[in-house]
Amino acid sequence: MGDIVTVTPAAADLIRSLRGQHGPLMFHQSGGCCDGSAPMCYPAGEFRTGGSDVLLASLTVDGVPEPVEFWMSKAQWELWKHTRLTVDVVPGRGSGFSLEAPEGVRFLIRSHLNR
């Protein structure tokens, strides 16, 4: 089946840049409306996870000394548990809460059904 969550080369580049600016990072994806459907990048530990969240992956990114945790709300995971997820980057502004917002790009999830 492979890894549940992977990153594109463009996402890895952005993660390295954000790591250099902000220190260790984490992702969280909720099932909410608007920006809640996109992965949000935060300084590690800044977003409080709890019993309603699932740790899907500890991503290894070349040039980043520690794993980048990828969390998702349980409700969202129930809908996506039969997919593999790829973190990518596209032009445009994402949420003001996600670290990449000032960069003029936003993280995006591409999903592929497990086979």
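A brief look at the structure comes next. Just so it is clear, the model here is predicted, and its values are computed rather than measured.

1. Here we look at the nonpolar core
Reasoning step 1: Counting residues in hydrophobic clusters, the biggest one holds 25 residues, and the most contacted among them are Val5, Ile15, Phe27, Leu59, Phe70, Val87 and Phe107.
Reasoning step 2: At the level of elements, helix 1 (9-22), strand 2 (25-29), strand 4 (53-59), strand 5 (68-73), strand 6 (83-91) and strand 7 (105-113) are the ones that each hand at least two residues to this core.
Reasoning step 3: Excluding residues within four positions of it along the chain, Ile15 makes contact with Val7, Leu25, Phe27, Val61, Val64, Val68 and Phe107.

2. Side note on the sheet that holds strand 6
Reasoning step 1: Reading across the sheet, the 3 strands line up as 1-6-7 and stay open at both edges, with mixed pairing between neighbours. Edge positions in the open sheet fall to strand 1 (5-7) and strand 7, since each of these has one partner strand only. Here the strands of the sheet are splayed against their neighbours by 30° on average, with no regard to which way each runs.
Reasoning step 2: Of the strand pairs in this sheet, strand 6 and strand 7 are connected by 9 bridges, and their pairing is antiparallel. Within strand 7, the residue paired with Arg84 across the bridge is His112.
Reasoning step 3: With respect to the sheet, helix 1 is in contact with strand 1, strand 6 and strand 7, its orientation differing from that of strand 6 by roughly 70°.

3. So, helix 1
Reasoning step 1: Over its 14 residues, helix 1 runs 20 Å from end to end, which matches the ideal 20 Å to within 8%, given 1.5 Å per residue.
Reasoning step 2: Looking at the buried side of helix 1, the elements it contacts are strand 1, strand 2, strand 3 (40-43), strand 5, strand 6 and strand 7.
Reasoning step 3: Gly23 sits one or two positions beyond helix 1 and adopts a positive phi of about 85°.

4. Focus: the pairing of strand 2
Reasoning step 1: Within strand 2, 5 of the 5 residues are buried, which leaves it mostly tucked inside the rest of the structure.
Reasoning step 2: Burial of the side chains of strand 2 extends over both faces: Leu25, Phe27 and Gln29 are buried on one face and Met26 and His28 on the other.
Reasoning step 3: Relative to strand 3, strand 2 runs antiparallel, the two being bridged by 4 bridges. Within the sheet, the bridge partner assigned to Leu25 lies in strand 3 and is Pro43.

Parameters and conventions
- Here the residue index of a chain counts from 1 through its sequence in written order.
- Note on the predicted model: pLDDT of at least 70 is required for a residue's local features to be given, and 80 or more for side-chain atom pairs to be given and counted; whole-chain, interface and lining totals, by contrast, use all residues.
- Side-chain numbers here rest on the full set of heavy atoms in the structure, without hydrogens or water.
- Think of a nonpolar core as a cluster: buried Ala, Val, Leu, Ile, Met, Phe, Trp, Tyr and Cys residues, connected wherever their side-chain atoms sit within 4.5 Å.
- Type-normalised accessible area, obtained with a 1.4 Å probe on protein chains alone, sets the label of each residue: buried when under 20%, exposed when over 50%, and partly exposed for intermediate values.
- Helix and strand labels come from DSSP, where a helix needs a run of H or I of at least four residues and a strand needs a run of E of at least two; each type is numbered from the N terminus.
- Whether two residues touch is decided by their heavy atoms; if any such pair falls within 4.5 Å, the residues are in contact.
- For two strands to count as paired, DSSP must find a minimum of two bridges between them.
- Fitting a line to C-alpha atoms yields each axis, with helices limited to the stretch in contact; the angle taken between N-to-C directions then spans 0 to 180 degrees.
- One less than the number of residues in a helix, times 1.5 Å, gives the span that helix is expected to have.

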